[in-house]
Amino acid sequence: MSRIALINGQVLTVDGFDPGCAVLIEGDRIVALVPQTELPGDIARHDLDGAYLLPGFIDAQVNGGGGVLFNNAPTVEALRTIAQAHRRFGTTGMLPTLISDDVDVMRNAVAAVHDAIDQGVPGVLGIHLEGPYLAPARKGTHNADKFRIPDEAEITLATSLSNGVTLLTLAPERVPADSIRALVQRGGIVAAGHTAATYDEIRAGLAAGIRGFTHLYNAMSPLQGREPGAVGAALEDPDSWCGIIADGVHVHPASLRVALAAKPRGKLFLVTDAMPPVGADDPSYELYGEVITVQDGVVRNAAGALAGSALDMLTAVRNTVKLLGLPLEEAARMAATYPADFLGLGKTHGRIASNYHADLVALDADLQLKATWIGGSRQTH
């Protein structure tokens, strides 16, 4: 297997940026970080020309991209298109997200993700089933006619992906604790979302195995003085992770700063909740038979509900720096390291370190994308 060294970059190591570090890649792995001055003379080199080299971004909530909505086309070819669209913005790993739908669509989506991983479609790490076990009172743009309580057969289906990560978003007040425990025991990662739960109901869900919260603040019971709700439970709990949509629309930057202050470092991570217009020329797409058009960067359905986003992960990173005032290295960790940890991939993904997957992103001084690698292979955009 040939080796290549990435040199002359600002490499984000686990200890911070290191301008004198070379990243040695063999096959699909990082095999070593070494001082550039100690590289063997005969090794192939790729000059980063001073760029920031970051771990590749991991997006746990991708509904679509490149003009394709996963619900409308639960196929391997659709996943290739979606993943390719998001690679243009530094996303090297993603969970294609199926919002609430019928059992047959769920079955097709799980099968498509299994086949995509089996075929080595770059960037597909698993599946996110956002619903249909949600609360009608906090449905957002989901079709409440699709909502239901999972029986044993559907729990088996929802956790049937054998070669990747399965993330499930549900409303804990709608799903019995025993069913939540069964989903976790079968390998699912469970998050609370689209929930009208009380604080006590969320705490019961956490005790049953809920690990995180889907798009914090959005589509969940708010924090109030006498009823902390889902938001209060999420901010108080030190062990759970929270995904946030940092587009300046879904959540006010001040609310995101409150979450940053409340949660331990490493427990807040970026997601896009991206829809088909990301990486596409067409600003419109169809959801549940309704045509939705992005206007001024905002995605809403006819009822005025936010219908996903037009956000890409690179813009989310920039917004985290500009709107929240965080340094680039922390914004990058929120886009790569912390989602990897949440998804149970923290020992193989999300860091630039020896024995990690060579999933990498190079950005210039203006935080524009220069290059992306997935499994050591430089991607075309």
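Small disclaimer: the values here were computed from a predicted structure and weren't measured.

Caption draft 1: Main features of the layout of surface pockets. Taken as a whole, the largest pocket encloses approximately 310 Å³ of empty space. Along its surface, the largest pocket is lined by 18 residues, and V121, G123, V124, L125 and H357 are the ones closest to its centre. Grouping the amino acids of the lining of the largest pocket by side-chain chemistry returns eight nonpolar, eight polar and two charged. Its volume calculated, the second largest pocket comes out at about 190 Å³.

Caption draft 2: Molecular detail of the pattern of salt bridges. Scanning all chains against the criterion turns up eleven salt bridges. For D104, the salt bridge identified is with R107, shortest N-O distance 3.0 Å. Remark: R107 and D104 occur in helix α2 (residues 103–118); sequence separation between them is three residues, near one turn of the helix. One salt bridge connects E154 with R148, and the closest N-O pair in it is separated by 2.9 Å. Judged by its relative accessible area of 8%, E154 falls in the buried class. Several salt bridges share partner residues, and in doing so they unite R265, E329, E330 and R333 into one network.

Caption draft 3: Quick look at the sheet that holds strand β6 (residues 44–47). The strand order β5-β4-β1-β6 describes an open sheet built from four strands, whose pairing is mixed. Each having just a single partner strand, β5 (29–35) and β6 make up the two edges of the open sheet. Adjacent strand axes in the sheet meet at a mean angle of 25°, parallel and antiparallel pairs treated alike. Pairing between strand β1 (residues 3–7) and β6: four bridges, direction parallel. Residue A5 lies in a different strand from β6, and its bridge partner there is R45.

Definitions and cut-offs
- Residues numbered from 1 in each chain as written.
- Predicted model: local features only at pLDDT ≥ 70, side-chain atom pairs only at ≥ 80, totals over all residues.
- Heavy atoms only, no water.
- 1 Å grid on protein atoms, 1.4 Å probe; cavity = no way out; pocket = protein on both sides within 12 Å on 5 of 7 lines; lining within 4 Å.
- Points joined across faces, edges and corners; volume = space filled by probe spheres on them.
- Nonpolar A, V, L, I, M, F, W, Y, C, P; charged D, E, K, R; others polar.
- Salt bridge = Lys/Arg side-chain N within 4 Å of Asp/Glu carboxyl O.
- Helix = DSSP H or I, 4+ residues; strand = E, 2+ residues; numbered from the N terminus.
- Buried < 20%, exposed > 50% of the residue type's maximum accessible area, 1.4 Å probe, protein only.
- Pairing = 2+ DSSP bridges.
- Axes fitted to C-alpha atoms, helices over the stretch in contact; angles between N-to-C directions.

Everything listed here is a matter of geometry and, on its own, says nothing about what the molecule does.
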